[in-house]
Amino acid sequence: VRLVESGGGLVQAGGSLRLTCTYSGSDANTVDAMGWYRQAPGTSVEYRELIAGISGRSGWKNYADSVKGRFILSRDNTKNELYLQMNSLKPEDTAVYYCNAVDDAAEHDYWGQGTQVTVSS
């Protein structure tokens with residue numbers, strides 16, 4: 001399964017961005033839970049933080065406290081896409097944002113290449 005993120009960029013504090021993750025491949029129909037992670041500048045991969053996740057079957061969503069009320073996660077399974085609407089952006093939201101997917105057997109973990117989000121003050 002291949003994941004490709006898009007929609008990152010430079011925005012002023014208080015602004016909005018919408019990230020899109022498109023997944024494809026012969027096993028795309030096995031994608032179950034998905035989520036958005038972010039990795040702040042100067043930090044290593046073990047500090048990559050889950051900020052929003054959605055389960056495959058129930059569509060149950062969870063958000064990190066740091067983004068709750070500002071970010072909205074959604075998914076369109078007909079288009080094989082995952083979205084993250086980011087509102088009221090803050091400089092501390094600056095990070096590389098990664099899309100993640102887990103297959104329905106929880107045996108494979110897939111990552112995109114990341115998209116940079118920079119929020120200026």
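Further up the page is the structure itself.
Next up on the list: the packing of aromatic side chains. Per the counting criterion, the structure on display carries 2 aromatic pairs. Aromatic pair tyrosine 98 and tryptophan 111: ring centres 6.5 Å apart, planes at 80 degrees, arrangement edge-to-face. Residue tyrosine 98 is found in strand β9 (residues 95-103), and its partner tryptophan 111 is found in strand β10 (residues 109-111); the two are separated by 13 residues along the sequence. Given the relative accessible area of 13%, tyrosine 98 is considered buried. Exposure remark for tryptophan 111: the relative accessible area of 34% places this residue in the partly exposed category. Taken together, the aromatic side chains of Tyr37, Tyr98 and Trp111 make up a single cluster linked through ring pairs.

Our next topic: the sheet that holds strand β8 (residues 81-86). Pairing within the open sheet is antiparallel, and its 4 strands lie in the order β1-β3-β8-β7. The sheet is open, and its two edges are formed by β1 (2-6) and β7 (71-76), each paired on a single side. The mean angle between the axes of side-by-side strands here comes to 15 degrees, regardless of whether they run parallel or antiparallel. Note: β7 against β8, 6 bridges, orientation antiparallel. Within β8, the position partnered with isoleucine 72 by the bridge is glutamine 85.

All right, on to the pattern of salt bridges then. The tally for this structure, following the rule as stated, stands at 4 salt bridges. When the shortest N-O distance is used, the salt bridge between aspartate 65 and lysine 68 registers 3.2 Å. For aspartate 65, a relative accessible area of 67% puts it in the exposed group. Accessibility expressed as a relative area gives 49% for lysine 68, which makes it partly exposed. As a salt-bridge pair, arginine 70 and aspartate 93 come within 2.7 Å of each other at their nearest N and O atoms. Of the two residues, arginine 70 sits in the loop between β6 (61-63) and β7 while aspartate 93 sits in the loop between β8 and β9, which places them 23 residues apart along the sequence.

Cut-offs used in this document
Residues numbered from 1 in each chain as written. Predicted model: local features only at pLDDT ≥ 70, side-chain atom pairs only at ≥ 80, totals over all residues. Heavy atoms only, no water. Phe/Tyr/Trp six-rings, centres within 6.5 Å; stacked < 30°, edge-to-face > 60°. Helix = DSSP H or I, 4+ residues; strand = E, 2+ residues; numbered from the N terminus. Buried < 20%, exposed > 50% of the residue type's maximum accessible area, 1.4 Å probe, protein only. Pairing = 2+ DSSP bridges. Axes fitted to C-alpha atoms, helices over the stretch in contact; angles between N-to-C directions. Salt bridge = Lys/Arg side-chain N within 4 Å of Asp/Glu carboxyl O.

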